[in-house]
Amino acid sequence: MNYTIAATSGTGQSSTINTAFGTLLEATVKESGIDQSGIPVIFTPPASGATGSFAGSATITTDASGVATAPAFTANGIAGGPYNVVGSLAGGSLSANFALTNTAANQAISISTHAPAQASFNDSFTVAAASSSGLPVSYSSSGNCTNLGATFTINSGNGVCTVTYSQAGDGNFNAAPPVIESVNAQKANQTINFAGLSDRAFNGPDFTVSATATSNLAVSFTAGGQCTINGATVHY
């Protein structure tokens, strides 16, 4: 008997990891060129690496046209290929290869803690994000801020801080489209600490005053009423 088996549909295709291939695998069995029905064909994927799994039994009997149609085949979570799913007759003496490829999947970034719309000079804020692939998200800054990981610090009282969320991908996932948020930098508020003054006699000796600002910027003094001031020295 002169049996042959051939891959007649489904070879040479690709599918994204964890996704079913679009075309079912079909093997045709003939004997001396004549289609053979009732012949069991065993479809066997690789045992490891880039491979996949069938939705049901992978031993299929040929129909009246000599065709054995395997159930849907789904790529596993490893990108790679082409690899061969083998369709073989009992005993494995005759076989046909279906060359398949698992392609990398796309991914997206979702933000759980957003950057604020605005922040003041020297303020810090922390953001958080995750990728649909489960790979870690990286953070970067440009403009009027710096960052250490997910924590950003405004370094100017004006301008824009740009927060960028990225995920570079790996062998199984393509790089995610970066997500960008903008924060308007603003001047920070400050307060002045000034010690209270005691009563003074008219035409008494001059005295000095002092004060500090929470910004550490220099404080200037002015006087009104029945006194004058030169720098920090008051005359009454």
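Description of the structure in this document. None of these values were measured; they are calculated from a predicted model.

On to unusual backbone geometry, then. Looking along the chain, the bond that leaves Gly81 and enters Pro82 is cis, with omega of 5°. Mapped onto the elements, Pro82 comes out in strand 10 (residues 80-89). Positive phi values are uncommon outside glycine, yet Asn216 reaches one of about 70°. One can find Asn216 in the loop between strand 23 (211-213) and strand 24 (228-230). Residue classification places Asn216 among the exposed positions, given a relative accessible area of 72%.

Two pairing modes exist for strands in a sheet, parallel and antiparallel, and in both the strands are linked by backbone hydrogen bonds. Within the open sheet, the five strands sit side by side as 2-11-10-5-7. Their pairing is mixed. Each having just a single partner strand, strand 2 (13-16) and strand 7 (59-61) make up the two edges of the open sheet. The sheet shows a mean angle of 30° between the axes of neighbouring strands, taken without regard to direction. Pairing of strand 5 (residues 40-44) with strand 10 involves four bridges; the strand directions are antiparallel. By the bridge assignment for strand 10, Val41 is matched with Leu89.

So, on to the pairing of strand 2. A one-sided burial pattern is seen for strand 2, the buried positions being Gln13 and Ser15 and the unburied ones Ser14 and Thr16. By the bridge criterion, four bridges tie strand 2 to strand 11 (residues 95-103) in an arrangement that is parallel. Opposite Gln13, over in strand 11, you have Leu100 as the bridge partner.

Turning next to the pattern of salt bridges. Pairs may arise between side chains of opposite charge once their charged atoms sit close together. Under the counting rule described, the total for this entry stands at one salt bridge. Taking the shortest distance from any N to any O, the salt bridge between Asp35 and Lys30 comes out at 2.5 Å.

All right, on to the sheet that holds strand 19 (residues 160-166) then. Spatial ordering of the open sheet is given by 13-20-19-16, a layout of four strands whose pairing is mixed. Of all the strands in the sheet, just strand 13 (118-120) and strand 16 (138-143) have a single pairing partner and so form its edges. Between one strand axis and the next, the sheet turns by 30° as a mean value, whatever way the strands run. Sheet topology note: the strand 19/strand 20 (residues 179-186) ladder contains six bridges and is antiparallel. Bridge assignment links Cys161 to a residue of strand 20, and that residue is Val183.

The rules we used
Residues numbered from 1 in each chain as written. Predicted model: local features only at pLDDT ≥ 70, side-chain atom pairs only at ≥ 80, totals over all residues. Heavy atoms only, no water. Helix = DSSP H or I, 4+ residues; strand = E, 2+ residues; numbered from the N terminus. Buried < 20%, exposed > 50% of the residue type's maximum accessible area, 1.4 Å probe, protein only. Pairing = 2+ DSSP bridges. Axes fitted to C-alpha atoms, helices over the stretch in contact; angles between N-to-C directions. Salt bridge = Lys/Arg side-chain N within 4 Å of Asp/Glu carboxyl O.

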